[in-house]
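Chain residues, written in single-letter form:
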Amino acid sequence: MTRNVHETYDRIARHFSQTREYAWPEVEAFVSDAESATRALDIGCGNGRHTELLAGHADAAVGVDASRGLLDEAAARATDRGFDATLVQGDAARLPVRDDTFDLAVYVATIHHLPTRDARRASLDELARVLTDGGRALVSAWSTAHSKFDRTDGFDTTVDWTLPGGDTVPRFYHIYAPDEFRADIDASALSLVDFELSSGNCYATVTKG
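None of the values given here were measured: they were computed from a predicted structure.

Observations regarding the overall build of the chain
- A tally of helices and strands in the chain yields 6 helices and 9 strands.
- When each of the 209 residues of the chain is scored for burial, the buried share is 52%.
- In the chain, the share of contacts with a sequence separation of at least 24, taken over all contacts with a separation of at least 6, comes to 64%.
- Of the accessible surface of the chain, which amounts to about 9600 Å², a share of 43% is contributed by carbon and sulfur atoms.
- Charge separation in the chain, taken as the distance between the mean sites of 21 positive and 34 negative side-chain charges, equals 3 Å.

Notes on the side chain of Thr-207
- Note on placement: Thr-207 falls in strand S9 (residues 201-208).
- The residues contacting Thr-207, other than those within four sequence positions of it, are Leu-131, Gly-135, Arg-136, Leu-190, Ser-191 and Val-193.

Quick notes on the pairing of strand S8 (residues 190-198)
- For S8 and S9, the ladder comprises 8 bridges, and the chain directions are antiparallel. The residue of S9 that forms the bridge with Glu-196 is Tyr-203.
- As consecutive antiparallel partners, S8 and S9 are separated by 2 residues, and within that stretch Ser-199 has a phi angle of approximately 55°, a positive value.

Section: the pairing of strand S6 (residues 155-162)
- Burial along S6 is one-sided: Phe-155, Thr-157, Val-159 and Trp-161 are buried, and none of Asp-156, Thr-158, Asp-160 and Thr-162, which face the opposite way, are.
- Of the pairings in the sheet, the one linking S6 to strand S7 (residues 168-175) comprises 8 bridges and is antiparallel in character. Note that in S7 the partner of Thr-162 across the bridge is Thr-168.

A few points about the pattern of salt bridges
- This structure, assessed with the given rule, holds 11 salt bridges.
- Residues Arg-129 and Asp-99 are paired through a salt bridge, measuring 2.6 Å at the closest nitrogen-oxygen approach. One end of the pair, Arg-129, is in helix H5 (residues 117-130); the other, Asp-99, is in the loop between strand S3 (86-89) and strand S4 (102-107), with 30 residues separating them in the sequence.
- Among the residues examined, Arg-129 registers a relative accessible area of 21% and is labelled partly exposed.
- Among the residues examined, Asp-99 registers a relative accessible area of 45% and is labelled partly exposed.
- Among the salt bridges present, the one from Arg-151 reaches Asp-153, with a minimum N-O distance of 2.9 Å.
- Among the charged side chains, a salt-bridge network with shared partners connects Glu-21, Glu-52, Arg-77 and Arg-81.

Notes on the packing of helix H1 (residues 5-18) against helix H4 (residues 68-81)
- For the pair H1 and H4, the least separation of the axes is 7 Å and the interaxial angle reads 30°. When the axes of H1 and H4 are compared, the pair comes out roughly parallel. Contact residues: Tyr-9, Asp-10, Ala-13, Arg-14, Phe-16 and Ser-17 in H1; Arg-68, Gly-69, Leu-70 and Glu-73 in H4.
- Of the residues that constitute the contact of H1 with H4, the class distribution is 4 nonpolar, 2 polar and 4 charged.

What about the packing of aromatic side chains?
- For the structure on display, the rule yields 8 aromatic pairs.
- Residues Trp-24 and Tyr-203 carry aromatic rings whose centres are separated by 6.4 Å and whose planes lie at 75° to one another, so their mutual orientation is edge-to-face. Here Tyr-203 lies in strand S9 and Trp-24 lies in the loop between H1 and helix H2 (25-33), a separation of 179 residues in the sequence.
- A relative accessible area of 2% places Tyr-203 in the buried class.

Overview of unusual backbone geometry
- Phi angles above zero are rare outside glycine, and Asp-100 is one such case at about 55°.
- Its place among the elements puts Asp-100 in the loop between S3 and S4.
- A positive phi is found at Ser-199, a non-glycine position, where the angle reads about 55°.
- With respect to the helices and strands, Ser-199 occurs in the loop between S8 and S9.

Notes on the packing of H5 against helix H6 (residues 178-186)
- At a minimum axis separation of 9 Å, H5 and H6 run at an interaxial angle of 55°. Looking at the two axes, H5 sits oblique to H6. Of the two elements, H5 crosses H6, and the hand of that crossing is right-handed. Side by side, H5 and H6 meet where Arg-117, Arg-121 and Leu-124 of the first sit next to Glu-180, Ala-183, Asp-184 and Ile-185 of the second.
- Considered class by class, the residues forming the contact of H5 with H6 number 3 nonpolar, no polar and 4 charged.

The rules behind each value
- Residues numbered from 1 in each chain as written.
- Predicted model: local features only at pLDDT ≥ 70, side-chain atom pairs only at ≥ 80, totals over all residues.
- Heavy atoms only, no water.
- Helix = DSSP H or I, 4+ residues; strand = E, 2+ residues; numbered from the N terminus.
- Buried < 20%, exposed > 50% of the residue type's maximum accessible area, 1.4 Å probe, protein only.
- Contact = heavy atoms within 4.5 Å.
- Areas by Shrake-Rupley, 256 points an atom, 1.4 Å probe, with all protein chains shown as cover.
- Lys, Arg positive; Asp, Glu negative; His and termini not counted.
- Charge placed at Lys NZ, Arg CZ, Asp CG, Glu CD.
- Pairing = 2+ DSSP bridges.
- Salt bridge = Lys/Arg side-chain N within 4 Å of Asp/Glu carboxyl O.
- Axes fitted to C-alpha atoms, helices over the stretch in contact; angles between N-to-C directions.
- Parallel < 35°, antiparallel > 145°, perpendicular 65-115°, else oblique.
- Nonpolar A, V, L, I, M, F, W, Y, C, P; charged D, E, K, R; others polar.
- Phe/Tyr/Trp six-rings, centres within 6.5 Å; stacked < 30°, edge-to-face > 60°.
- Left-handed = near helix turned anticlockwise from the far one by under 90°.

Shown next, in the form of structure tokens:
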């Protein structure tokens, strides 16, 4: 079971980016409902599709990702589309940014790639650390509520990515049970504002606890 997430996404970065053109509706709704921000953060920014959304809603936007290949794709997107963002390589469980910096953040489709529960909980504490008082964030994870799965308990698995030509690259996932996801939020330094299930994903709107 592969746990070197940055190596996995470095390998598939270009093809992955080609399939990730648009922001998720749930993220668009969260950002559009938020007040204009001074600084916004996209944790696990991938090819920058949500960083672009944040850049249009904040004075400054920062995207963090473990994969250098995906950051290169995000930089190319920013150049092609004319939006400004600072792109930084880093681990969600050890964010390379200062305390109390961001009043808006998204942490979407990333926490489920962290290989241990300790790392996933540490990443939630890191999100709390970098949020300002009054700042809001949206956290999402793939869940057992998705029709793809027939289990109700959280579990570790791999999901293959198929490259052009047929090569497959296994990607580590922790598939969250909804109650487990909420429990990890509750155990962190975040406060839960709202929770919903949508398209097989858990979504939590949170603030600094």
